[in-house]
Every structure is written in C-alpha cells, then in structure tokens.
Amino acid sequence: CIAAAALFPERVTALFLLASVGVRRHRSIPASAPVLASGAALLGVPGLRSLLVFLMRRVYLRLGFRQAAEYDWRAFRTHLRVIAAVDFVRLAEHLARIDAPAVVAYAHDDPFVETDISEDLAARLRRSTALPFVTGGHYLQKTRVSEIGCAVAEKLVPQAPPAPS
C-alpha cells in the first residue's frame with residue numbers, strides 16, 4: 001500500500017493503514033533480515049523442518065497469534081520471507097512522498113506492532129489521522145470492524161455535495 005501510494009499517486013487517492021509496518025524493525029522480530037531469510041531457507045530442509053516449526057509456533061503463540069497453531073512450514077517460511085524483505089529505508093522514503101489522505105489505525109495491545117511505530121508512521125504522513133484503540137490486538141479488521149468502517153467513511157470517502165433542493 002505505502003509503495004503504491006508513493007509510486008502511483010494518481011491512482012491512490014487515500015490510504016488506510018491497519019496495524020501497519022513502520023520504518024524500523026519491531027521488537028517482536030528479534031532477528032535481522034539475513035537471519036530471517038536464512039530461517040526461511042532452513043525451513044526447506046526436511047530434517048530441520050519439524051524442529052523449526054515447533055519453535056516458531058511457540059514464539060507466535062506467545063505473541064498472541066492463535067492461528068499459528070494451524071500453520072505449517074510453508075506458512076512460516078512465507079512469513080519469514082515477507083518480513084525479511086521489508087526495506088525500512090525505502091519505506092521511509094516512500095512515506096515522505098505520499099500526499100494522499102491517510103488513516104493509521106492501531107491498538108495499544110497489539111502484540112506485534114508497538115504503539116510508537118504506529119504513531120511515528122502517522123506523523124510521517126502529511127495528511128494522516130491516527131485512529132488508536134486501547135484494545136483490539138493485531139487484527140483490528142476483526143475486532144474493530146464497525147469503528148474502522150466509520151473512519152473510512154468519515155475520513156477517506158469523498159463526500160458528495162448536497163443535492164439541490
């Protein structure tokens with residue numbers, strides 16, 4: 001979303017960021033990108049796969065991701081690859097170029113994205129509105145669906161002019 005808004009401003013008219021990645025690594029990601037990429041590669045080794053899945057599942061569950069109980073090695077490998085691919089420097093550059101209105105929604109009890117990351121993200125966007133929740137976790141689209149819908153309608157959907165009387 002962020003890259004698209006920066007690279008194609010004529011196509012992206014508004015941005016809604018929901019528990020979004022920021023411009024620095026989160027505390028819940030203890031390893032660097034090369035280590036994460038190596039972990040993804042090691043998940044492809046049949047002899048190590050079971051052990052790594054067991055360990056990763058424990059970490060994810062401890063962070064509050066209950067659905068991790070169902071993840072297989074392919075899901076964990078995809079997660080590691082995606083996280084390792086985040087370029088925080090480029091992301092910061094993209095944020096500086098965005099001029100579209102934006103809403104940055106986040107929860108203080110998110111086990112993955114710290115509050116200060118979301119607050120910094122909102123501050124970097126010129127036309128943003130922060131939408132903080134005390135509770136809601138990482139999956140606000142499930143826990144705060146009505147509030148999010150109202151925020152989209154209020155902040156991002158262009159209002160039609162009143163009908164002539």
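Draft legend 1. Up close: unusual backbone geometry. The backbone of Ala 19 sits at a positive phi, close to 50 degrees, despite the residue not being glycine. Within the element layout of this structure, Ala 19 appears in the loop between strand S1 (15–18) and helix H2 (33–42). Classification of Ala 19 by relative accessible area gives buried; the value is 10%.

Draft legend 2. Highlighting a nonpolar patch on the surface. There is a patch of nonpolar side chains on the surface, built from Leu 42, Val 45 and Leu 48 and spanning about 210 Å² of accessible area. Take Val 45: it is sitting in the loop between H2 and helix H3 (46–62).

Draft legend 3. Representation of the pairing of strand S3 (residues 128–133). Inspection of the sheet shows strand S2 (residues 102–107) paired to S3 by six bridges, in the parallel sense. Bridging across to S3, Tyr 106 finds its partner in Pro 132. Taken together, S2, helix H6 (residues 115–124) and S3 form a β-α-β motif whose crossover is right-handed.

Draft legend 4. Region of interest: the packing of aromatic side chains. Tallying each qualifying case throughout the model produces six aromatic pairs. For the ring pair Tyr 60 and Phe 65, a centre distance of 6.1 Å and an interplane angle of 55 degrees mean the geometry is tilted. Here Tyr 60 falls in the buried class, since its relative accessible area comes to 12%. On the basis of an interplanar angle of 75 degrees and a centroid distance of 5.3 Å, the ring pair of Tyr 71 and Phe 76 is categorised as edge-to-face. Through successive ring pairs, a cluster of aromatic residues spans Tyr 60, Phe 65, Tyr 71, Phe 76, Phe 112 and Tyr 139. Over the ring of Trp 73 we find Arg 49, and its NZ or CZ is 3.8 Å from the ring centre. Between the NZ or CZ atom of Lys 142 and the centre of the ring of Tyr 139, over which it lies, the distance is 5.6 Å.

Draft legend 5. Focus on the pattern of salt bridges. As enumerated under the stated definition, the model contains seven salt bridges in all. Ionic pairing is found between Asp 99 and Arg 126, a salt bridge with its closest N-O pair at 3.4 Å. With Asp 99 in the loop between helix H5 (88–97) and S2 and Arg 126 in the loop between H6 and S3, this pair connects stretches of sequence that are 27 residues apart. Across the salt bridge formed by Glu 154 and Lys 155, the nearest N and O atoms sit 3.5 Å from each other.

What counts as what
Residues numbered from 1 in each chain as written. Predicted model: local features only at pLDDT ≥ 70, side-chain atom pairs only at ≥ 80, totals over all residues. Heavy atoms only, no water. Helix = DSSP H or I, 4+ residues; strand = E, 2+ residues; numbered from the N terminus. Buried < 20%, exposed > 50% of the residue type's maximum accessible area, 1.4 Å probe, protein only. Patch = residues over 30% accessible without salt bridge, like charges linked within 9 Å, V, L, I, M, F, W, Y side chains within 5 Å. Areas by Shrake-Rupley, 256 points an atom, 1.4 Å probe, with all protein chains shown as cover. Salt bridge = Lys/Arg side-chain N within 4 Å of Asp/Glu carboxyl O. Pairing = 2+ DSSP bridges. Right-handed = clockwise from strand over helix to strand, strands pointing away. Phe/Tyr/Trp six-rings, centres within 6.5 Å; stacked < 30°, edge-to-face > 60°. Lys NZ or Arg CZ within 6 Å of the ring centre and 35° of its normal.

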